[in-house]
Amino acid sequence: MWSCNLESLNNSKGYVFDNVLGMDELLWIYHLLIESPYWSLARRSTYGQRRRHIVPFVGFPGLEIETEGVIQNEFLAGYFRSIAFRLKSRFHREFNIRLPPEVRRIHVGAKSSYSKTAFHIDSNVETDWTILGFLNPVWNAKDGGEFYLEDEKIEYKAGRFIVFPSSVEHDGGYVVNETISYWRVAVNIILREPDIKTP
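The text that follows walks through the structure, step by step, so that each part is easy to find. (Residues numbered from 1 in each chain as written. Predicted model: local features only at pLDDT ≥ 70, side-chain atom pairs only at ≥ 80, totals over all residues. Heavy atoms only, no water.)

We now examine the overall build of the chain. Per the secondary structure count, the chain includes 2 helices and 12 strands. Walking the chain from its N terminus toward its C terminus, one meets helices and strands in the order β-β-α-β-β-β-α-β-β-β-β-β-β-β. Burial status across the chain gives 50% buried among its 199 residues. Taking contacts inside the chain between residues at least 6 apart in sequence as the whole, the part at least 24 apart equals 76%. Of the accessible surface of the chain, which amounts to about 10300 Å², a share of 54% is contributed by carbon and sulfur atoms. (Helix = DSSP H or I, 4+ residues; strand = E, 2+ residues; numbered from the N terminus. Buried < 20%, exposed > 50% of the residue type's maximum accessible area, 1.4 Å probe, protein only. Contact = heavy atoms within 4.5 Å. Areas by Shrake-Rupley, 256 points an atom, 1.4 Å probe, with all protein chains shown as cover.)

Along the chain, S166 turns up in the loop between β10 (161–165) and β11 (170–172). At 2.7 Å, the side chain of S166 and the side chain of T130 are in polar contact. The contact partners of S166, leaving out residues within four places of it in the chain, are I121, D122, S123, D128, W129, T130 and I190. (Polar contact = N/O pair within 3.5 Å; in protein donor to acceptor, adjacent residues only side chain to side chain.)

So, about the sheet that holds strand β8 (residues 147–149). Taken in spatial order, the 3 strands of this open sheet run β9-β8-β11, and their pairing is antiparallel. Taken across any chain shown, the strands that pair with only one partner, and hence form the sheet edges, are β9 (152–154) and β11. The mean inter-strand angle of the sheet, taken between neighbouring strand axes irrespective of direction, is 20°. Pairing of β8 with β9, which is carried by 3 bridges, proceeds in the antiparallel orientation. Looking at β9, one finds that L149 is bridged to E152. (Pairing = 2+ DSSP bridges. Axes fitted to C-alpha atoms, helices over the stretch in contact; angles between N-to-C directions.)

Rendered as structure tokens:
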């Protein structure tokens, strides 16, 4: 049974759903994702950040599953769309808010202690919403990995999903354990209204 953890967000701009995915499903999807080809090793949170750096690993590996109507992986696109459908239905039932019906993108990011990102927005379209899901089967909070929605700190927990307007500033990662032997993996799904032209 999913649990909603609204009380953790004082600014009420985000909604936290725990236990969206169980341990068996997390183990399966985590290994399927990290064993998938076509990862980019130099992804950035903000578009246009393609400048070179002295430190080689300031970005993070990213896997594009669907972008602006172009599906790179049909199976994973269908899988993550099904999660979005479930969350949208639950969100409407609990809060009487209808999330946008169309997918703008589905991307997966993997972060380590070398991954550096900055506060950013996912979209400047006010009606876009983001679904962010934490896909590690296990995670120790002492290793970091938390997510920030404006000034709210949200702990990285296995199977946790956060729903928030895409125009709200956020950042995440912050893996502090330099000896950790696995990636912090998260899926980012942006939903939009039909016929919205994005810049």
